[in-house]
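Coordinate analysis (summary)
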Amino acid sequence: MQNLTPDLCDEFPQIVRVVEPIFSNFGGKLSFGGEIVTIKCHEDNSVVKRTAGTPGNGKVMVVDGGASMRVALLGDMIASNAINNGWEGIIIYGCVRDVDTLKKLDLGVQALNSYPLKSEKRGLGDLNIPVSFGGVDFIPGEYVYADNNGIIVSSESLTLPA
């Protein structure tokens, strides 16, 4: 659906929270949404990699990378693993790499920018804690929706009337 987030904003204006327009689409799935699973990490994508290897069941990984522009927290191998495990999408408050491959994959990917250097793997990071960026709180178990128009968050699962 091309205009998912505008349509949801029109239908549910009192319950959606709109993320500041700082993200770009990098994945092959341009419109995506699902239940939020959060990760907080800084320049270490160990928890992102580990989580991508677990059943996603249509959920969206929301990664607070502290807006670091020094390393990429997602590349083609982790993205492919996420697809194989049923993840709907990944939102990175930081950078991604392998962008030409990411745009061919059936995964929603939004990030601040691209950067070719991979992150270190020190095993650091937190899973499923509330994170905040772009003027919005992302709470595990809530819902996020993203497309080329932007990213929105809701405490409820949203569907458009037929």
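Attention now moves to the state of the cysteines. Tallied over the full model, the rule gives 0 disulfides. Free cysteine Cys 95: the closest other cysteine sulfur is in Cys 41, separated by 12 Å. Residue Cys 95 is classed as buried on the basis of its relative accessible area, which comes to 1%.

A full pass over the atoms with the stated rule returns 7 salt bridges. Linking Glu 43 and Arg 70 is a salt bridge whose minimum nitrogen-to-oxygen distance equals 2.6 Å. Of the two residues, Glu 43 sits in the loop between β3 (32-40) and α2 (46-52) while Arg 70 sits in the loop between β4 (60-64) and β5 (72-74), which places them 27 residues apart along the sequence. Among the ionic pairs, Arg 97 bridges to Asp 98, the shortest N-O distance being 3.8 Å. The class of Asp 98 is partly exposed, set by a relative accessible area of 29%.

Rules behind the numbers
Residues numbered from 1 in each chain as written. Predicted model: local features only at pLDDT ≥ 70, side-chain atom pairs only at ≥ 80, totals over all residues. Heavy atoms only, no water. Disulfide = S-S within 2.5 Å. Buried < 20%, exposed > 50% of the residue type's maximum accessible area, 1.4 Å probe, protein only. Salt bridge = Lys/Arg side-chain N within 4 Å of Asp/Glu carboxyl O. Helix = DSSP H or I, 4+ residues; strand = E, 2+ residues; numbered from the N terminus.

These figures capture arrangement, not role.
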